[in-house]
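# An overview of the molecular structure
Single-letter residue listing:
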Amino acid sequence: MPLARSFLYVPANREKFLDKAVDVPADALLLDLEDSVPPAEKAVARAAVREFAPKIPGGRVWVRPNAIDSDFGRADLDAIIGVPGLVGLIAPKVDTRDEMVVWDRLIGELEQARGVAVGSTQFVPSIESARGVWFAYEIATAAKRIVSLSFGGARDGDLNTDLGCTWSADGPEMLHARQHVLVAARAARFDTPLDGVFADIRDAAGFERDTDLSRRLGYRGRKLIHPSQIEPCNRLYRPTAAELDYYARVLEAFDAAVAGGRASTTVDGKMIDVAMAAAARRVLDADKAWAKAG
């Protein structure tokens, strides 16, 4: 089953937002301890995570801690590792394999000290710099607790600032970095690479275009900054009715061909072989999982 289609950021220091987040239809809640929380409120936000996470059923709670080399990152880990309801962390600004090894060691030490199964706290590194993009595969394979990679790019964000590019509305300037992180995630055998945020909440049409591109590239979910993005995100990361019909017919035709002693067939004028059938099966199985999950 895919990790999640929609990860909604929720500032952990904002009690009003936390209360509202309980009922939103996002697949996962990403409680933020980093950029949306001012330094003076970090402790309040950590306490809120400890109180809030156990109340949310269904394995939906993730946390974005501060970077491990910041003044706050280790305090975040000390406050939240082992909290009931916490699935894992999506960590910002992971640049190298060595940095990922530090994350893994510190989390493991806290898990062991608190009687939690070592490795049970899942981890998704967020790639937000030129170095991170360059070392994405090494980062992805640095620890067994890693379950995906997240592209950390956002217009006017850390990554395009580091690259020195201007990210236009259509986004071709960041396409290489976006694809590179995706390829690294797939090479590490992750089925659920996560795309970055679309920051302009006023541009609903732009969000849908960008999410459609994201799915066509191979991403299976993304991080969101506003509840209005949840419905189109969940919808667009699932196949359309026409796609489901086509893939069902592909499998039916291929299975019939194999039963008849052939290795390939055609559907709608296109040749179908074992690779095409496997791709169709993957899409259909993933959609069944989302249908079951609701």
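The structure reproduced in this document is the subject of the present report.

The rules behind each value
- Residues numbered from 1 in each chain as written.
- Predicted model: local features only at pLDDT ≥ 70, side-chain atom pairs only at ≥ 80, totals over all residues.
- Heavy atoms only, no water.
- Phe/Tyr/Trp six-rings, centres within 6.5 Å; stacked < 30°, edge-to-face > 60°.
- Helix = DSSP H or I, 4+ residues; strand = E, 2+ residues; numbered from the N terminus.
- Buried < 20%, exposed > 50% of the residue type's maximum accessible area, 1.4 Å probe, protein only.
- Lys NZ or Arg CZ within 6 Å of the ring centre and 35° of its normal.
- Salt bridge = Lys/Arg side-chain N within 4 Å of Asp/Glu carboxyl O.

With that out of the way, let us pick up the packing of aromatic side chains. Scanning all chains against the criterion turns up 4 aromatic pairs. Considering the side-chain rings of Trp-103 and Phe-123, the 5.3 Å spacing of their centres and the 55° angle between planes classify their relative orientation as tilted. Of this pair, Trp-103 sits in helix α4 (residues 97–113) while Phe-123 sits in strand β5 (residues 122–127), placing them 20 residues apart in sequence. Considered together, Trp-103 and Phe-123 belong to a single accessibility category, that of buried residues. Sitting above the plane of the Trp-290 ring, Arg-5 keeps its charged end 4.2 Å from the centroid. Across from the ring centre of Tyr-246, 5.2 Å away, lies the NZ or CZ of Lys-270, which sits over that ring.

The subject of this paragraph is the pattern of salt bridges. The full count for this structure, using the stated rule, is 25 salt bridges. The closest approach of N and O atoms between Asp-32 and Arg-64, which form a salt bridge, is 2.7 Å. Of the two residues, Asp-32 sits in strand β2 (residues 28–32) while Arg-64 sits in strand β3 (residues 61–64), which places them 32 residues apart along the sequence. Using a relative accessible area of 2% as the deciding quantity, one classes Asp-32 as buried.

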